[in-house]
Amino acid sequence: MPEGPSIVILKEQLSPFLGRTIQQVSGNTTIEKQRLLHQRVEAFRSWGKHFLVEMPDFSLRVHFMLFGSYRINEQKSWAVPRLSLGFDNGELNLYACSVRFIEEPLDLVYDWWADVMSEHWDPVLARKRLRARPDLLACDALLDQDIFAGVGNIIKNEVLFRIRVHPLSKMGALPAPKLRELVEQARQYSFDFYEWKKQFVLKKHWLAHTKRTCPRCNIPLKKAHLGRTNRRSFFCDNCQVLHT
Ligand SMILES: [Zn+2]
């Protein structure tokens, strides 16, 4: 599943279509896709893992879910796009994703300050929301899209490893400087992810995610599906402190 930084990269790759008019629409989506025809793209935006195409009277929201993907100016020979948008200078093909229309202005729909990649990101609000839920586990907190929109499982595992916090630690038990670090690194790691992904070196920088050995302790990492979110966690029992 693309995490927030990947959606920001998609947005940048689509800049040649900004201000252009949609000339062709196809795909196997059941939404009323023909209304996209002849619409002018005013902006490509992102909120967390949501990719947004803003047009004068409405917007299109794309969520890539678990298996979604896209191609720009090419098609997959083995799959039918969920939605394909043709411009006079190229095309965007979206696969296996969820698409829907948003009628309201995007600024009324989205809390931009919850998006870790946004210039409006608000760390004070994030800390406040975490402190309000003392029983929330670290592994669930980072995946909560109302607090850290855009953070996915890779970022979760790497942030907890980086700040040496065990995934089953409770928010109410984290010392204030650790809570601050968790919030800061959720954003910082997302920007590191963004830079590494653009340079095609993201995986090379993973220290815990999908890894077998702790690079700090040189002992085996633990792997388990943890928390209410039940996603894969990779962590070191030795150097990641359990706060409960
Ligand atoms: Zn370790």
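Bear in mind the structure is a predicted one, so any value in this text is a computation, not a measurement. (Residues numbered from 1 in each chain as written. Predicted model: local features only at pLDDT ≥ 70, side-chain atom pairs only at ≥ 80, totals over all residues. Heavy atoms only, no water.)

Reading across from one edge, 1-6-7-5 is the order of the four strands in this open sheet, with antiparallel pairing throughout. Since the sheet does not close on itself, it has two edges, and those belong to strand 1 (24–26) and strand 5 (69–72), each with one partner. Each strand of the sheet is rotated relative to its neighbour by a mean of 10°, with strand direction disregarded. Pairing geometry for strand 6 (residues 83–87) and strand 7 (residues 90–95), over five bridges, is antiparallel. Of the residues in strand 7, the one forming a bridge with phenylalanine 87 is glycine 90. (Pairing = 2+ DSSP bridges. Helix = DSSP H or I, 4+ residues; strand = E, 2+ residues; numbered from the N terminus. Axes fitted to C-alpha atoms, helices over the stretch in contact; angles between N-to-C directions.)

Between side chains of opposite charge, a pair can form when the charged atoms approach closely. In the structure shown here, the tally under the stated rule is eleven salt bridges. Residue glutamate 54 pairs with arginine 45 through a salt bridge whose shortest N-O separation is 3.4 Å. Linking lysine 178 and glutamate 181 is a salt bridge whose minimum nitrogen-to-oxygen distance equals 3.0 Å. Residue lysine 178 and its partner glutamate 181 are located together in helix 6 (residues 176–198), separated by three residues, close to a single helical turn. For glutamate 181, a relative accessible area of 26% corresponds to the partly exposed category. Among the ionic contacts, a cluster of salt bridges with common partners joins Arg45, Glu54 and Asp107. (Salt bridge = Lys/Arg side-chain N within 4 Å of Asp/Glu carboxyl O. Buried < 20%, exposed > 50% of the residue type's maximum accessible area, 1.4 Å probe, protein only.)

Within the protein, Cys214 (SG), Cys217 (SG), Cys236 (SG) and Cys239 (SG) serve as the donor atoms for the zinc ion, at 2.3 Å. Coordination at the zinc ion is tetrahedral, judged from the four donor atoms that bind it and the angles of 106 to 114° they form at the metal. Sequence spacing among the residues donating to the zinc ion works out to C-x2-C-x18-C-x2-C. A residue pair is termed long-range when its members are at least 10 positions apart, and cysteine 217 in the loop between helix 6 and strand 9 (222–226) and cysteine 239 in the segment after strand 10 (231–235) qualify at 22 residues. (Donors = N, O, S within 2.8 Å, 3.2 Å for Na, K, Ca; no water. Tetrahedral: all angles 85-135°; square planar, octahedral: opposite > 155°, others 65-115°.)

The next subject is the sheet that holds strand 3 (residues 50–54). The strand order across the open sheet formed by four strands is 2-3-4-8, and the pairing between neighbours is antiparallel. At either margin of the open sheet sits one strand with a lone partner, and together these are strand 2 (43–47) and strand 8 (98–102). Taken pair by pair, the neighbouring strands of this sheet meet at an average axis angle of 25°, ignoring direction. Of the strand pairs in this sheet, strand 2 and strand 3 are connected by five bridges, and their pairing is antiparallel. Considered in strand 3, the bridge of tryptophan 47 is made with histidine 50. Sitting on the sheet, helix 1 (residues 4–13) touches strand 2 and strand 3, and the angle it makes with strand 2 is about 175°. (Contact = heavy atoms within 4.5 Å.)

The subject of this paragraph is unusual backbone geometry. For histidine 38, which is not glycine, the phi dihedral falls at a positive 70°. Of note, histidine 38 is situated in the loop between strand 1 and strand 2. Of note in this structure, asparagine 73 is not a glycine but carries a positive phi near 60°. By relative accessible area, which is 49% here, asparagine 73 ends up partly exposed.

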